[in-house]
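Inside the fold
Residues per chain, in single letters:
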Amino acid sequence: MYLIGQTLNMGFDQYHEPPKELSEETRTIARMLVSLIEEAEAINWYEQRMSVEKDPQAKAIMENAQQEEFKHFGMDLEFLLRKKEKWRTTLKEILFKEGDIVKLGEKGEQKAD
Ligand SMILES: [Fe+2]
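Here we summarise the structure given alongside this text. In this text, all values refer to a predicted model and were calculated from it rather than measured experimentally.

Under the definition given, this model contains 7 salt bridges. Across the pair R27 and E24 runs a salt bridge, and its minimum N-O distance is 3.4 Å. Placement of the pair is R27 and E24 together in helix α1 (residues 24-52), with a separation of 3 residues, close to one helical turn. When the shortest N-O distance is used, the salt bridge between R88 and E78 registers 3.0 Å. Of this pair, R88 sits in helix α3 (residues 85-94) while E78 sits in helix α2 (residues 56-83), and the two are 10 residues apart along the sequence. On the basis of relative accessible area, R88 is assigned to the partly exposed category, the value being 22%. Look at E78 and you get partly exposed, because its relative accessible area is 26%.

Following this line, the structure appears as structure tokens:
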């Protein structure tokens, strides 16, 4: 993993262990984690573009495009959470809840242990 300009470039370097030693499932998870990162990057790019765009129509198109990236991020995340039970258990305690986020995180971590 390395940075080119502001872009996280993982490409075939997404593996930190010899790919041939990794299971098919681990390679799928690695690809989906990279996809999740790319969707978060796209959300960030649109957020910044919208903040400086003066043309309302252009801004509306960017907002629509960012909405697509929310969906992509959510689908990637849900896929990963279906594969990683402890991650899912942790996030169940954090996401869509009111209250102190750090405390919810600690509760989620305890539940997953
Ligand atoms: Fe996307």
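There is more to say after this.
All right, on to the side chain of T90 then. As for its position among the elements, T90 is in helix α3. If near-sequence neighbours (up to four positions away) are discounted, T90 is found in contact with G108, E109 and A112.

Criteria and thresholds
Residues numbered from 1 in each chain as written. Predicted model: local features only at pLDDT ≥ 70, side-chain atom pairs only at ≥ 80, totals over all residues. Heavy atoms only, no water. Salt bridge = Lys/Arg side-chain N within 4 Å of Asp/Glu carboxyl O. Helix = DSSP H or I, 4+ residues; strand = E, 2+ residues; numbered from the N terminus. Buried < 20%, exposed > 50% of the residue type's maximum accessible area, 1.4 Å probe, protein only. Contact = heavy atoms within 4.5 Å.

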